[in-house]
Amino acid sequence: MTNNNTEVIDLRVLARKILAKKRLFYKTLPTTFVLSCALILCVPRYYVTDTSMAPEVGGTGMEGTLGSIASSFGFDLSNMQTSDAISPLLYPDLMDDNGFVAGLFDVKVKSKDGEIATTYYDYINKHQKTAWWNIPISWMKKLLSDNTAESQAGNNKFSPYILSKKQDDIMSAMRKNIAISVDKKTAVITISVTDQDALICKTMADSIREHLQDFITAYRTNKSRIDMIYYEKLVAEAKSDYENARRLYGKYADANTNVTLESFRLKINDLENDMQLKYNTYSTLNTQLQASKAKVQERTPAFTTIKGASVPIKPAGPKRMLFVLGMMILACIATSIYAIKDELIKTVGNQPQL
């Protein structure tokens, strides 16, 4: 036979017990307020800004129409409209490449108060504020770290793919501060930067946008630039051959001006024909060189800045008031549970055994 007797918790009894412990609240709540304020004030504030740009994307006519229709359903056809191996959706993955991130080391930054004027690498390395409890943690990590890894295998030349422990930590901090995202429907690239100084935050957002533009431009024009360099070499060689042939023809013609022998006239004709052939080769290659230069310009993408980075007015965090309020609520709940713990234990102990 089932026992249906269930212990009922009287909320009025719980309320009286909580009110009876009101002096405990007078102690815990002010203490929690002071401690939470002291704790959150140690956490440095940070600022967030973002900038957006739209790169030129290939595809017109029917492809552009299909792309707009597909984008309305959440699909992206940009990679089918271009022969590029790197589609815009892969741009956020560039932050995983050490070479791309290392290109931001030497960006010149200046704090809003003017007290800091250095490179971004030095700013991350020497000018970051941190909570006091992180100082002994960092000291212990440094003490336990392998000091032999601080050098790049005896190579004095910097390589982004052979890093010391400090350089790797700085790169990790930069990756944490920088976020690149791409909208699948519109292909708009958004760059978000988090930093402890408002002006540096804005400076880095602009610098990363320019750095990304340079990368995209270099990638899109890489094949055309290689062709242009190749044609420049051929044009230089063809021009040198033509000038040598012209010099030889002129020298031979001047030395045999009054000679009427047929053999001399044939020699002059051969030299003239050779000079003309070399000139035609030079002229043809020069035309192809100009076409390759035009191709580089044609492949150079245009970028439209949709939203420029601005200097943040208010810090994005930490949310000090919300933190203190949350800690006060937790303290109130914990104190209430402590005040009625005897009643809860009694209720649980009186539950029937199944």
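Residues numbered from 1 in each chain as written. Predicted model: local features only at pLDDT ≥ 70, side-chain atom pairs only at ≥ 80, totals over all residues. Heavy atoms only, no water.

*Asks:* Hey, could you run me through the pattern of salt bridges in this one?
*Replies:* A pair can form between side chains of opposite charge whenever their charged atoms are brought close. Applying the stated criterion across every chain, the model contains seven salt bridges. Between D50 and K307 there is a salt bridge, with its nearest N and O atoms 2.7 Å apart. Linking D50 in strand β1 (residues 47–55) with K307 in strand β6 (residues 303–307), this pair joins segments that are 257 residues apart in sequence. Its relative accessible area of 40% is what places K307 among the partly exposed residues. Across the salt bridge formed by K165 and D169, the nearest N and O atoms sit 2.9 Å from each other. In this pair, K165 and D169 both sit in helix α7 (residues 165–177), four residues apart, roughly one turn of the helix. (Salt bridge = Lys/Arg side-chain N within 4 Å of Asp/Glu carboxyl O. Helix = DSSP H or I, 4+ residues; strand = E, 2+ residues; numbered from the N terminus. Buried < 20%, exposed > 50% of the residue type's maximum accessible area, 1.4 Å probe, protein only.)

*Asks:* Honestly, the nonpolar core in this entry has me stumped. Any pointers?
*Replies:* In globular proteins that are soluble, nonpolar side chains generally tend to be buried together. With 33 residues, the main nonpolar core has Y120, M174, I189, M204 and L212 as its most contacted residues. Only α4 (98–102), α5 (120–126), α7, β4 (178–182), β5 (189–195) and α8 (198–220) provide two or more residues apiece to this core. (Core = buried A, V, L, I, M, F, W, Y, C linked by side-chain atoms within 4.5 Å.)

*Asks:* Please clarify how the environment of Q276 should be interpreted in this entry.
*Replies:* The residue Q276 is located in helix α10 (residues 262–299) in this model. Sequence separation of Q276 and Y242 is 34 residues, and the distance between their C-alpha atoms is 8.1 Å.

*Asks:* What is the right way to look at unusual backbone geometry in this model?
*Replies:* The general pattern is negative phi for most residues beyond glycine and trans for most peptide bonds. Along the chain, G317 connects to P318 via a cis peptide bond; the corresponding omega equals 0 degrees. The residue P318 is located in the loop between β6 and α11 (320–339) in this model. Even without a glycine there, the phi angle at A187 is positive, about 65 degrees. A187 sits in the buried class, given a relative accessible area of 11%.

*Asks:* Can you help me understand the sheet that holds β4 in this one?
*Replies:* Sheet strands line up and pair through hydrogen bonds in the backbone, either parallel or antiparallel. Pairing within the open sheet is antiparallel, and its four strands lie in the order β4-β5-β1-β6. Both edges of this open sheet fall to β4 and β6, since each of them pairs with a single strand only. The sheet shows a mean angle of 25 degrees between the axes of neighbouring strands, taken without regard to direction. Two elements, β1 and β5, share seven bridges in a ladder whose sense is antiparallel. Note on β5: the bridge partner recorded for S52 is T190. Lying on the sheet, α8 is in contact with β1, β4, β5 and β6; it crosses β5 at an angle near 145 degrees. (Pairing = 2+ DSSP bridges. Axes fitted to C-alpha atoms, helices over the stretch in contact; angles between N-to-C directions. Contact = heavy atoms within 4.5 Å.)

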